[in-house]
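Understanding the architecture of this molecule
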Protein chains: 2
Amino acid sequence: MAHISFDSSALTKFVHDNELSEIQPLVTAADKELREGTGAGNDFRGFLDLPVAYDKDEFARIKAAAKKVQGNSEVFVAIGIGGSYLGAQAAIDFLNPNFYNQQANRSVPEVYFAGNSISGSYLHDLVQMIGDRDFSINVISKSGTTTEPSIAFRVLKAKLIAKYGAAGAKERIFATTDKAKGALKTEADAEGYEEFVVPDDIGGRFSVLSAVGLLPIAVAGGDIDQLMQGAADARSEYTNPDVTKNEAYRYAALRNILYRKGFTTELLENYEPNLRLFGEWWKQLMGESEGKDQKGIYPSSANFSTDLHSLGQYIQEGLRNLFETVVKIDDAPNDVTIPDDDKNLDGLGYLAGKSMNYVNDKAYHGVVLAHTDGGVPVMTVNVPKQDAYSLGYTIYFFEIAVAISGYLNGINPFNQPGVEAYKKNMFALLGRQGYEELTKELTARLNK
Amino acid sequence: MAHISFDSSALTKFVHDNELSEIQPLVTAADKELREGTGAGNDFRGFLDLPVAYDKDEFARIKAAAKKVQGNSEVFVAIGIGGSYLGAQAAIDFLNPNFYNQQANRSVPEVYFAGNSISGSYLHDLVQMIGDRDFSINVISKSGTTTEPSIAFRVLKAKLIAKYGAAGAKERIFATTDKAKGALKTEADAEGYEEFVVPDDIGGRFSVLSAVGLLPIAVAGGDIDQLMQGAADARSEYTNPDVTKNEAYRYAALRNILYRKGFTTELLENYEPNLRLFGEWWKQLMGESEGKDQKGIYPSSANFSTDLHSLGQYIQEGLRNLFETVVKIDDAPNDVTIPDDDKNLDGLGYLAGKSMNYVNDKAYHGVVLAHTDGGVPVMTVNVPKQDAYSLGYTIYFFEIAVAISGYLNGINPFNQPGVEAYKKNMFALLGRQGYEELTKELTARLNK
C-alpha cells in the first residue's frame, strides 16, 4: 500500500474513463525506456536506485560532519545553485517550524543559502547578518566553476580564513563535488577539505537524496535515515507499469492527457507556508526535465489560501489552460484553536473552539470544487505527515513521475541543453577568454 | 522625463513597427474609459489621484503611529490577506537589506505578516517565535469578516490582552478598515483602537499607497514621503494617451499585442532577491485585474540568475507561449568585490576585482539576448535606484498600465467576481448559517 495517496477523482469532468486505458501502451513503452535504459538520457537514471544503493560509508560521514557543524557553528551556509540548493532548501523548510532560523532554543545552527544569485546586495547583507558568529560552509558544485557559487565560495572562504586562519578554515569547509575531477575536487584534495560526492549518474535536479541535499538537511536537524527509508519504500511501491496500480505513473499519464487537451500550465499548490520551497524544487524538477524542443507543461506554483486572494481570480475565471496539483498535508505538525469572542462582531463564532487546520482542510475541499466548476482540473497528492519519511516518499513520487511523463511527451527528461545559452552570452559580455568572436557579435547587437 | 524607463528594444523580432500605431486608437479608447470614467468598474479609479489626493492628516497620524510602535515594540505584525498585505510586504523587502528582520543594530521593529493563510502551524510558529517580546499589531480588513485575518486577529489580540491587559492591548492595536461601517470599524470604535481608512474607491490590489500599505512600510522605516512623491511624479508623467510618449501605456499595448499572438503567460523577473515579493504583489495586480471571462495573461514570476538554473531550461526551449518583463535595478544598494585567488582553479580570475553587480548586469544583458533568440519576447522596466521614490514610481507605472491593459482586452479591470467561489464552498463545508442548501449539495458531491 502506498504511504502517500494520489487522488484524481476530481478529474471526471475533464478526462474520460477510456483515456487512461488508451494511453496505457504508451506508459508501458515509457516504463521500458526508463527501466531498461533504452530511452534518451539513460546515463542519468541513478536516482532510481539511489534510496537503496547509496554509499553507506559516505552517509555515516555526512551524519558525523553534521554533528561536527552543530557543535562548532552557529550558522551554516550552503553554497550552490539550481539542483545544488533547491532540494535542501525545500526539505529544510518542510521539516522545520516556520521561521526556523529565528526560533529560540534551537539545537542546530541557523542555515542559509548563498551562491544562488549574482546579487552583490544579497551576499553583502548575508555576510553582515552572520556578523562575528561561528560559521561553516558547504560548497556544492560538480565542476567547481559555475559562476554564482564560485563567487560566493571565494568571498565566504576569505571570511573564514580571516576569522579562523588557513588551518582553521579548512575544518569548516565541506566540499560536495565530482568524485574524481574538476576545479573544486582539485582544491578540496589540495587543501584537505572533507569531501562528499555529486554522483555521475544523477542530474542536479534529482540529487536531493545524495550528499548534495543530505548534508545541509542533516545539519538542520533532519532525520536523513527516515528520509531515505521513505524514498526506498516509494521505490518499491512505484514499480508496476499499470496506471491503475501505480499512482506515480497515473499522475504522469493524466498530466500528459491534460496537456494534449490544451492544459499547458500546471500549478503545484500547498496549504502550508513552509511548503513554498517544495514548489520551487518541483518547478526545477518538472520544468527542466520537460521544457524542451518547444514543448512541455509550464510549471508554476501557488500557496493557498494565501494566493486565492491574488491568483485566485485568474485560476477561477481566466484563460482555461491551467491545471492544479495539490500537495496536501493530512496532519500538520502544529495547530491553533480559534478563540471564542463574546461579541462575535467578525461572525467567526461558528468556528470558535475549532482548530485552524480543520478550517484549512475545508478550504481545500471548497477550492477543489470551485476550481473544478470553473474549468480547472485538480489532482491531489495526499501526504499523511509533514515528516522526513513522508518527504522522501513524496520526492521519489515526483522524480519517477517526471521521468515517465517526459518519455510520454517524447523528450529526453534528463538533459538541459538550454541552460548554457545565457551563460555563453554572459561570458562573452564579461570578456572571458575564448569568447572573443561572440563578444564582438553581442556587443554589436546591444549597441545597435 | 520619466524617472524609470521602459525598454522594448528587444521586441523587434516579435512586434512589427506598424502594430503599435495600429493599436493606438484602441489605447486612446481605453484611456478615455479610464480618465472619463466611462469604462466598467469606474467606481474604483481612486488609485489614479491617490498620490496627490490622499488625506494629509491621516498621513501624519500614520507617521506618528509608526514612531509610537518603533518606540514600544520589538515586533510588529501586520494582519491581512491579498491586497491587505502583498504591497506592504513587497515594499518592505524592496526598501530594506536582505534578512532585514535578522540584521543587528536595527532601529525599527521586526515586521511579520499573519492572517494570510489558514495554517495552524504557521500561526503557532509565529507566536512561538515572537515569544515574550513586546509587540503591536495592525489588522487590515475592509469588512473585518474575512476568515484568514479574522482568525489571526482573534489569536493575536488574545495574546496582547494576556500580556498587557485590556487597556494596554488597545494601545497596541491599529485598525485599518472601512471609514464608516463593518465589523472591524464597529469594534475599533467601541474599543478605541487607532483607526486608518481603506478607501472606498480603491480596490485591495491598488491600495499599497493608502494606509493599508503605508503604516507597515513606515513602521519598517520606509520613507513614505518619498514613496508618495515618486508615485505623484509618475502620475504626472503617464498622462499622454500616445503610446510613443507614454511608457506605461506602451507596456500595456505591447503586452496585449503579444497576448493576441499567443504569448499568454508573462513572467515578471528581477535580479535582486529582495524583489521577489514585488513579483508577488505584481501577480495579484495583474492576474486579479485581467484574469476573467475566460481570458487574460497568466502572471508568473522568476528570480534571476537563481531561476535560470531551474526555470531557465523551460524559458529557453519550452512551449513558446511565454514573454518576460524584467524589473531591473540600475544601482543596487550594496555590492561585493570578487576576491583574487592565486591558484584560480575556478577560472574566475578574469572577474577578480570586479563587483558582483557588474557581473549581474552582464548576466541580464546575456539573458535578454539568449531568450530573445530562443523565441521569448523580453521587455525591461529600468529602475534607477532601490529606494522609496523609485518604488512609488514603479508601483504607479504598473497600476496605470494594468488599467489600460484590462480595457484593451475588453474586461473590467477593477472587479474580482471569481474570488468568492471558493469562499462560499468553504463556508458551506464549515456549516455556516445561511449555507444549508449548499452544504447538502457539496457534501453529496464529495461523498460520491
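Residues numbered from 1 in each chain as written. Chains lettered and ligands numbered in written order. Predicted model: local features only at pLDDT ≥ 70, side-chain atom pairs only at ≥ 80, totals over all residues. Heavy atoms only, no water.

Where an unreviewed UniProt entry is consulted, chain A appears under the name Glucose-6-phosphate isomerase, with the organism given as Schleiferilactobacillus perolens DSM 12744. Here is the UniProt Function (unreviewed entry) comment for chain A, exactly as written: "Catalyzes the reversible isomerization of glucose-6-phosphate to fructose-6-phosphate." (UniProt positions renumbered as here; feature names shortened; annotations may be inferred.)

**Observations regarding the sheet that holds strand β10 (residues 378–385) of chain A**
Through backbone hydrogen bonds, the strands of a sheet pair up, either in parallel or in antiparallel fashion. Residues and elements named next belong to chain A. In spatial order, the strands read β1-β10-β9-β7-β8; together these five strands make up an open sheet with mixed pairing. In this open sheet, the two edge strands, each paired with only one partner strand, are β1 (5–7) and β8 (298–303). Neighbour to neighbour, the strand axes of the sheet diverge by 20 degrees on average, direction disregarded. In this structure, strand β9 (residues 322–331) lies alongside β10, joined through seven bridges in parallel fashion. In the strand pairing of β10, aspartate 331 is matched with lysine 385. With respect to the sheet, helix α10 (residues 247–260) is in contact with β1, β7 (265–270), β9 and β10, its orientation differing from that of β1 by roughly 25 degrees. (Pairing = 2+ DSSP bridges. Helix = DSSP H or I, 4+ residues; strand = E, 2+ residues; numbered from the N terminus. Axes fitted to C-alpha atoms, helices over the stretch in contact; angles between N-to-C directions. Contact = heavy atoms within 4.5 Å.)

**Focus on the environment of threonine 145 of chain B**
All names here are of chain B. When you line up the elements, threonine 145 lands in the loop between β4 (135–140) and α6 (147–170). We classify threonine 145 as partly exposed; its relative accessible area is 33%. Sequence spacing of threonine 145 and alanine 183 is 38 residues, and the spatial spacing of their C-alpha atoms is 6.6 Å. (Buried < 20%, exposed > 50% of the residue type's maximum accessible area, 1.4 Å probe, protein only.)

**Looking at the interface of chain B and chain A**
Counting residues at the interface gives 127 residues for chain B, matched by 127 residues for chain A. Across the interface of chain B and chain A, roughly 10,900 Å² is buried in total on both sides, 61% from carbon and sulfur atoms. Sorting the residues of chain B by area buried against chain A places Arg154, Tyr298 and His309 of chain B first, and these three jointly supply 8% of that buried surface. For the pair chain B and chain A, the interface holds eight salt bridges. The salt bridge involving glutamate 191 of chain B is made with lysine 343 of chain A; its shortest N-O contact spans 2.7 Å. Here chain B and chain A share 54 residue pairs in polar contact (both at pLDDT 80 or more) between them. Sort the elements by how many residues they give to the side of chain B that touches chain A and helix α13 (residues 356–373) of chain B lands first, with 13 residues. Along the lines of polarity and charge, the residues of the side of chain B that touches chain A split into 53 nonpolar, 46 polar and 28 charged. (Buried area = accessible area lost by both parts, 1.4 Å probe. Salt bridge = Lys/Arg side-chain N within 4 Å of Asp/Glu carboxyl O. Polar contact = N/O pair within 3.5 Å; in protein donor to acceptor, adjacent residues only side chain to side chain. Nonpolar A, V, L, I, M, F, W, Y, C, P; charged D, E, K, R; others polar.)

**Regarding the side chain of asparagine 101 of chain B**
Among the structural elements, asparagine 101 of chain B can be located in the loop between α4 (86–95) and β3 (110–114). The exposure class of asparagine 101 of chain B is buried, given its relative accessible area of 11%. Here the side chain of asparagine 101 of chain B touches valine 111 of chain B through a polar contact of 2.8 Å, landing on its backbone nitrogen. Setting aside residues no more than four positions away along its own chain, asparagine 101 of chain B makes contact with Gln102 of chain A together with Arg106, Glu110, Val111 and Tyr112 of chain B.

**Describing the side chain of serine 141 of chain B**
All names here are of chain B. Relative to the helices and strands, serine 141 resides in the loop between β4 and α6. On the basis of relative accessibility, which here comes to 5%, the residue serine 141 falls in the buried class. A distance of 2.9 Å separates a polar atom in the side chain of serine 141 from the backbone nitrogen of glycine 144.

**Some details on the UniProt feature "active site" (unreviewed entry) in chain A**
According to UniProt, the "active site" (unreviewed entry) feature falls on Glu288 and Lys423 of chain A. If sequence neighbours within four positions are ignored, glutamate 288 of chain A has contacts with Arg205, Lys283, Asn415, Gln416 and Val419 of chain A together with His309, Ser310 and Gln313 of chain B. Tracing the sequence through the fold places lysine 423 of chain A in helix α15 (residues 420–429). Its relative accessible area of 15% is what places lysine 423 of chain A among the buried residues.

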